[in-house]
Structure formats: C-alpha cells, structure tokens
Amino acid sequence: MRFTFCPDCGARLTDRQLGDEGKVAWCEVCAKPWFEIFSAAAIALVYDECGRVLLLKQSYISTKFHNLVSGYIKPGESAESTAIREIFEETGQKVEELQLKLTHWFPKKELLMIGFFARVKALPLRLSSEVDSASWHDPQEVLSLLSDSPHSAARRLAELFLKTQLSNTTT
C-alpha cells in the first residue's frame, strides 16, 4: 500500500528522491519518508516422520488445487511462530522441527510469503473450520496436486522439498 496522506499529520504526501531508494512518499510537514507497506504470511510444507506431505483442500483458496498450511503474520509474531501456530490451528499437528526455506513475493495480493519446511510426528488430524479436508501424500504425487503457477509459493516449496529428498537418498 502506498500512502497518499501522512499517517501522522494528515498532510498530502509528495514524491521525493531519497538516496538509493529512488522516489519515496514524503511528508513536507513532518519532514520524513513514508515507505510502501505490505502484508506478510507464513507458508509451511508439513511432512511427517515417514516423509509424507500434508496437503489441504480449502475451497476459499482453490476448488481445483490442494495447498499448504499458511496464514498471515499478526503484529508481534515472528514468521516462525506464525507457521507453528497455523499448523497447529489448521491441522492439530505439533511442529518438531522448523526450517526457513524461502521467501516468495505473491504479486496478486502484494504479499510476502515466508516459506518453511515443518517436520511433525503425525497425529490424528484435527482440522479447523478453514480447512475442508486434509490428507497425507507421498512426495512424488504432491506436484500433481498443487497449482503449477509460477506465482505459487506452495509449488516452489514442494519442488525444493523434492530436490532435498532426492539429494538425501543419493548421498
């Protein structure tokens, strides 16, 4: 989101060249810049002790494709705590190990997605009202169930997971 008016004093902002940043919204009254802001979310590829991947169906996201656990980062939360919270809230799974794997800009929603691998010891699934269904899948079938869009953070995480699994079996 780009500011038009200063959040502090309400004055209309102008553009000002600001060093390496280029043109930035500027408040002449407060004499300070206002940088664009955007939302951030955590997304996690959840896998169990057998290497199976947990995929969700959530019709409000897609009626065609499965997806991974994800959720917006709340004020005061870290990306890691958001991923752990969302995994537990949406599936009832408790994270044993969490690894940061990528960041991904999702242009459609102007959203920064922070991607993790989350290892769990599979427990009975306990789904939130946001999740229509969830199921464990062999890694080899995961890509066929996810969107093939180049803007899909879920797909990027799954491709990275498959490469990681492949390199672990060849070493």
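Above this text you will find the structure in question.
Worth saying up front: this structure is predicted, and the values here are computed from it rather than measured.

Reading guide: rules and limits
Residues numbered from 1 in each chain as written. Predicted model: local features only at pLDDT ≥ 70, side-chain atom pairs only at ≥ 80, totals over all residues. Heavy atoms only, no water. Pairing = 2+ DSSP bridges. Helix = DSSP H or I, 4+ residues; strand = E, 2+ residues; numbered from the N terminus. Buried < 20%, exposed > 50% of the residue type's maximum accessible area, 1.4 Å probe, protein only. Expected span 1.5 Å × (residues − 1). Contact = heavy atoms within 4.5 Å. 1 Å grid on protein atoms, 1.4 Å probe; cavity = no way out; pocket = protein on both sides within 12 Å on 5 of 7 lines; lining within 4 Å. Points joined across faces, edges and corners; volume = space filled by probe spheres on them. Phe/Tyr/Trp six-rings, centres within 6.5 Å; stacked < 30°, edge-to-face > 60°. Lys NZ or Arg CZ within 6 Å of the ring centre and 35° of its normal.

1. Some words on the pairing of strand β7 (residues 95-106)
Examined bridge by bridge, β7 and strand β8 (residues 111-120) share 10 bridges and lie antiparallel to one another. Its bridge partner being in β8, V95 is matched across the sheet by V120. Linkage of β7 to β8, two consecutive antiparallel strands, is achieved through a turn of 4 residues, within which E110 is found at a positive phi near 45°.

2. Quick look at the pairing of strand β4 (residues 39-47)
Within β4, 7 of the 9 residues are buried, which leaves it mostly tucked inside the rest of the structure. With 4 bridges joining them, β4 and strand β6 (residues 69-72) adopt antiparallel strand pairing. Looking at β6, one finds that I43 is bridged to S70. Inspection of the sheet shows β4 paired to strand β5 (residues 53-57) by 2 bridges, in the antiparallel sense. Of the residues in β5, the one forming a bridge with Y47 is V53. What sits between β4 and β5 in their antiparallel hairpin is a turn of 5 residues, with G51 showing a positive phi close to 90°.

3. What to know about helix α1 (residues 79-91)
Here α1 is 13 residues long and its end C-alpha atoms lie 18 Å apart, about the 18 Å a rise of 1.5 Å per residue gives. Of all the residues in α1, the buried ones are A79, T82, A83, R85, E86, I87, E90 and T91. Contacts made by the buried residues of α1 are with β4, β5, β6, β7 and β8.

4. As for unusual backbone geometry
Phi angles above zero are rare outside glycine, and A31 is one such case at about 55°. Along the polypeptide, A31 turns up in the loop between β2 (23-27) and β3 (32-34). Of note, the phi angle at E110 is positive, near 45°, even though the residue is not glycine. Considering the arrangement of structural elements, one finds E110 in the loop between β7 and β8.

5. Remarks on the layout of surface pockets
Here the largest pocket is characterised by a volume of approximately 740 Å³. Lining the largest pocket are 27 residues, with I61, S70, F106, K109 and M113 positioned closest to its centre. The dominant element in the lining of the largest pocket, judged by the number of residues it contributes, is β6, at 3 residues.

6. A short note on the packing of aromatic side chains
Tallied over the entire structure, the rule returns 4 aromatic pairs. With a centroid separation of 5.3 Å and 90° between ring planes, the pair formed by F38 and W105 is classed as edge-to-face. Taken together, the residues span a long stretch of sequence, with F38 in the loop between β3 and β4 and W105 in strand β7 at a distance of 67 residues. Since its relative accessible area comes to 48%, F38 is described here as partly exposed. Its relative accessible area of 41% is what places W105 among the partly exposed residues. Aromatic rings pair up to connect Y47, F117 and F161 into one cluster. Positioned above the aromatic ring of W26 is the side chain of R16, whose terminal nitrogen or guanidinium carbon lies 4.1 Å from the ring centre. Between the NZ or CZ atom of R126 and the centre of the ring of F88, over which it lies, the distance is 4.7 Å.

These figures capture arrangement, not role.
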